Amino acid sequence: MPHLLQLDSSARTRSFSRALTARFARTWVEGGNTHTYRDLAANPVPPIGEGWTQICDTLLREGITQPADYPSAVRTPAQQEAWSVVEPLLAELLAADAVVIGCPMYNYSVPGALKTWLDQVTFPRMSLAGRSFFVMGARGGSYLPGTPRAPFDYHERYLRDFFAGHFAVEDVTFVHAELTNTLVDPVIAHLEAEHRASATAAEERAVQMARR
Ligand SMILES: Cc1cc2nc3c(=O)[nH]c(=O)nc-3n(C[C@H](O)[C@H](O)[C@H](O)COP(=O)(O)O)c2cc1C
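What comes next concerns the included structure. Bear in mind the structure is a predicted one, so any value in this text is a computation, not a measurement. (Residues numbered from 1 in each chain as written. Predicted model: local features only at pLDDT ≥ 70, side-chain atom pairs only at ≥ 80, totals over all residues.)

### Details of the overall build of the protein
On a plain count of helices and strands, the protein comes out with 6 helices and 5 strands. Counted from the first residue to the last, the protein has its helices and strands arranged as β-α-β-α-α-β-α-β-α-β-α. Since a compact globule built from 212 residues should have a radius of gyration of about 17 Å, the 18 Å found for the protein is in line with a globular shape. Across its three principal directions, the C-alpha atoms of the protein cover 60 × 40 × 30 Å. Split into buried and exposed, the 212 residues of the protein put 34% on the buried side. Sequence-distant contacts, at least 24 apart, represent 77% of the contacts inside the protein between residues at least 6 apart. (Helix = DSSP H or I, 4+ residues; strand = E, 2+ residues; numbered from the N terminus. Rg over C-alpha atoms; globule rule 2.2 N^0.38 Å. Buried ≥ 20, exposed ≤ 12 C-beta atoms within 10 Å, placed from the backbone. Contact = placed C-beta atoms within 7 Å.)

Following this line, the structure appears as structure tokens:
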């Protein structure tokens, strides 16, 4: 039975990316599958510290690449403390067949809450190939190909490169609700219809993806 890990990272409780991951997860579970939820904004993971970097250096130095062997690189009390944070996060990730991530665009990139989680769970040459990743994004503006802001999209582009480069995962699907700021910013309020069309299409795609 395929297992889903659902992550949210929006600082808002009423948020477009949260609504999309919730829709995705609901559809996934309705299909008879299982799921685990982690809210990275409400319950942030701490930033990595020196103990974490020491574990990472040992993995590199000793050529340890299999997650099952990572505990052999945990040797000092500081490293044990770091590992006690990583272990449950990593176990949750490795147990998932699919991961759906709610990810707003913050300052052209991803929220710090998500980046901190990525820093914690990513180790040298680890492979998550075979897993599917779904990113449910929301952006205040539009970053579609051909729009003036498209070159500033370090949001989708960062995650796409990250998953390929660090997780060896190419099976990544992005779904974005665009122009969400049309609801709060009078300067772009005239684009509200485009936002609504984008949000509706994103929700439909989230459901399709969860049924895939
Ligand atoms: C800290 C912060 C930074 C933001 N930076 C950008 C940005 O660089 N570009 C953009 O289009 N929208 C930006 N926005 C708007 C959000 O992308 C937008 O509100 C989106 O809907 C947030 O996702 P959510 O609805 O899931 O919370 C920013 C919002 C916040 C709170």
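Anyway, onward from the coordinates.
### A short note on the packing of helix α3 (residues 77–94) against helix α4 (residues 112–121)
Packing of α3 against α4 leaves a shortest axis separation of 9 Å and a crossing angle of 95°. One way to sum up the angle between α3 and α4 is to call them roughly perpendicular. Along the contact surface, α3 presents Val-85, Val-86, Leu-89, Leu-90 and Leu-93, while α4 presents Trp-117, Gln-120 and Val-121. The residue makeup of the contact of α3 with α4, split by class, is 7 nonpolar, 1 polar and no charged. (Axes fitted to C-alpha atoms, helices over the stretch in contact; angles between N-to-C directions. Parallel < 35°, antiparallel > 145°, perpendicular 65-115°, else oblique. Nonpolar A, V, L, I, M, F, W, Y, C, P; charged D, E, K, R; others polar.)

### Regarding the site of the ligand
The environment of the ligand is formed by 17 residues, the closest being Ser-15, Ser-17, Pro-104, Ala-138 and Gly-140. Considering only residue class, the shell around the ligand consists of 6 nonpolar, 8 polar and 3 charged. (Near = placed C-beta within 6 Å.)

### A few points about α3
Taking 1.5 Å as the rise per residue, α3 with 18 residues should run 26 Å; its terminal C-alpha atoms sit 25 Å apart, in good agreement. Of all the bends in α3, the greatest, near 30°, is centred on Val-86, and the proline Pro-88 appears no more than four residues after it. (Expected span 1.5 Å × (residues − 1). Bend = angle between axes of the 7 residues up to and from the residue.)

### Quick notes on the sheet that holds strand β5 (residues 172–177)
Spatially, the 5 strands line up as an open sheet ordered β2-β1-β3-β4-β5, and their pairing is parallel. Unpaired on one side and paired on the other, β2 (34–39) and β5 mark the two borders of the sheet. Here the strands of the sheet are splayed against their neighbours by 15° on average, with no regard to which way each runs. Relative to β5, strand β4 (residues 132–138) runs parallel, the two being bridged by 6 bridges. Of the residues in β5, the one forming a bridge with Met-136 is Val-175. (Pairing = 2+ DSSP bridges.)

Note that every value here comes from positions in space, so none of it alone points to a role or purpose.
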